[in-house]
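Inside the fold
Here are the chains, one letter per residue:
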Amino acid sequence: MRQGSDLQDRVALVTGASSGIGRATAIALAQAGARVVVNHRAGGDSQARAAAVVEAVQRLGGQAVAAAADISREAEVEHLFEQAVRHYGRVDILVNNAGIEHPAPVADMTLADWKRVIDVNLTGHFLCARAAARAYESQPADPARKGLSRGNILFISSVHELIPWAFQVNYAASKGGLSMLMKSLAQELAPARIRVNSIAPGAIRTAINRPAWDSPESLARLLKLIPYGRIGEPEDVARAAVWLAGDASDYVTGTTLFVDGGMTLYPEFRGAG
Ligand code: BGC
């Protein structure tokens, strides 16, 4: 029986892997031995960024391939999984990471703003999880993995699956939804030995929240919300993802692991209340 977080020969598909947390997670999984499918959006500079992630993995001696797909589109998700299976023969780990924000005061939030965020952050995660579950259930079980999971689904959620977020009601609702999607799927798929968990990152230094950290004033404001006293780095999340993706966490399913420097500890209550 294999043990530890060694992911040798496992195939991991990471959505939204051309930047930020997805990029760091794709690289960390490859460093742990997995062969990685680096999903990215078509268009813009995403393709070039994904190619750079593949190159970074290869420079480290790992294996990766880039694959474009908009995860909110059913046919593109089906095609993405077909590409993964065509390239590496199977899929063992899904990191459902892609996510977007479209903030606005509720009175100004258009239906399109609402739908786009729900479509990617919630429906897109459902479509990928469904494709992964289908793949895991149809793949022959590896006899060397007797007693261990036959597939792994990991959602990258947010502290906002718990913390309400004014001006981002679409985003917070999508992450609250992810929490129940994850737990219900975990309950449904455990008998098939498919593990399902979430990581809820706090403030991580990526492009999505640049205004929250790119000036000394905004960083000081942000740090008041983080008892641990520093902003998170994508690698903080990536290391947690490697653990949850690997056999070291084999008995863990249906759980959200908060990687947030204590952001969910209500720091404003220290000495108050
Ligand atoms: C959001 C970031 C935000 C963080 C903490 C994340 O889910 O994407 O923009 O900084 O939560 O509020």
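The numbers attached to residues start from 1 for each chain and follow its sequence in the written order. Local features in a predicted model are, by the rule used here, given only for residues with pLDDT of at least 70; side-chain atom pairs are given and counted only at 80 or more, and totals for whole chains, interfaces and linings are based on all residues. Excluding hydrogens and water, the side-chain values take into account all heavy atoms of the structure.

1. Quick notes on the overall build of the protein chain
Put simply, the test is: Secondary structure follows DSSP: runs of H or I at least 4 residues long count as helices, runs of E at least 2 residues long count as strands, and numbering of each begins at the N terminus. In this setup the radius of gyration rests on C-alpha atoms only. A globule is expected at 2.2 Å times the number of residues raised to 0.38. When accessible area is computed with a 1.4 Å probe and restricted to protein chains, residues below 20% of their type maximum are described as buried, those above 50% as exposed, and intermediate ones as partly exposed. Residue contacts are defined here by distance: any two heavy atoms, one from each residue, within 4.5 Å place the two residues in contact. None of His or the chain ends enter the tally, which takes Lys and Arg as positive and Asp and Glu as negative. Throughout, a charge is located at the NZ atom of Lys, the CZ atom of Arg, the CG atom of Asp or the CD atom of Glu.
A tally of helices and strands in the protein chain yields seven helices and seven strands. Secondary structure elements in the protein chain, listed N-terminal to C-terminal, are β-α-β-α-β-α-β-α-β-α-β-α-α-β. Taking 273 residues into account, the globule formula puts the C-alpha radius of gyration at 19 Å, and the protein chain, at 18 Å, falls close to it. For the protein chain, the spread of C-alpha atoms along the three principal axes comes to 55 × 40 × 40 Å. Burial analysis of the protein chain (273 residues in total) assigns 51% to the buried set. Nonlocal contacts in the protein chain, meaning residues at least 24 apart in sequence, comprise 74% of its contacts between residues at least 6 apart. Mean positive and mean negative side-chain charge positions of the protein chain (28 and 27 charges, respectively) differ by 3 Å.

2. Focus on the site of the ligand
What counts is decided by this rule: Any residue with a heavy atom positioned within 4 Å of a molecule or strand is treated as near that molecule or strand. Pairs of N or O atoms are called polar contacts if they sit within 3.5 Å, as long as, within protein, a hydrogen donor faces a hydrogen acceptor (for residues adjacent in sequence, only side-chain-to-side-chain pairs).
Taken together, Glu-101, Ser-158, His-160, Trp-165, Tyr-171, Gly-202, Ala-203, Ile-208, Asn-209 and Met-263 make up the full set of residues adjacent to the ligand. Measuring from an oxygen atom of the ligand, one finds a side-chain N or O atom of Ser-158 at 2.6 Å. Within the side chain of Tyr-171, an N or O atom sits 2.6 Å from an oxygen atom of the ligand.

3. Details of the confidence of the model for the protein chain
As a reminder of what qualifies: Every residue carries a pLDDT, the predictor's confidence in it, which falls somewhere between 0 and 100.
Per-residue confidence for the protein chain averages 96 on the pLDDT scale, and 98% of its residues sit at or above 70. Model confidence for the protein chain, summarised as mean pLDDT per element, is weakest for helix 6 (residues 216-223) at 97 and strongest for strand 6 (residues 194-201) at 99.

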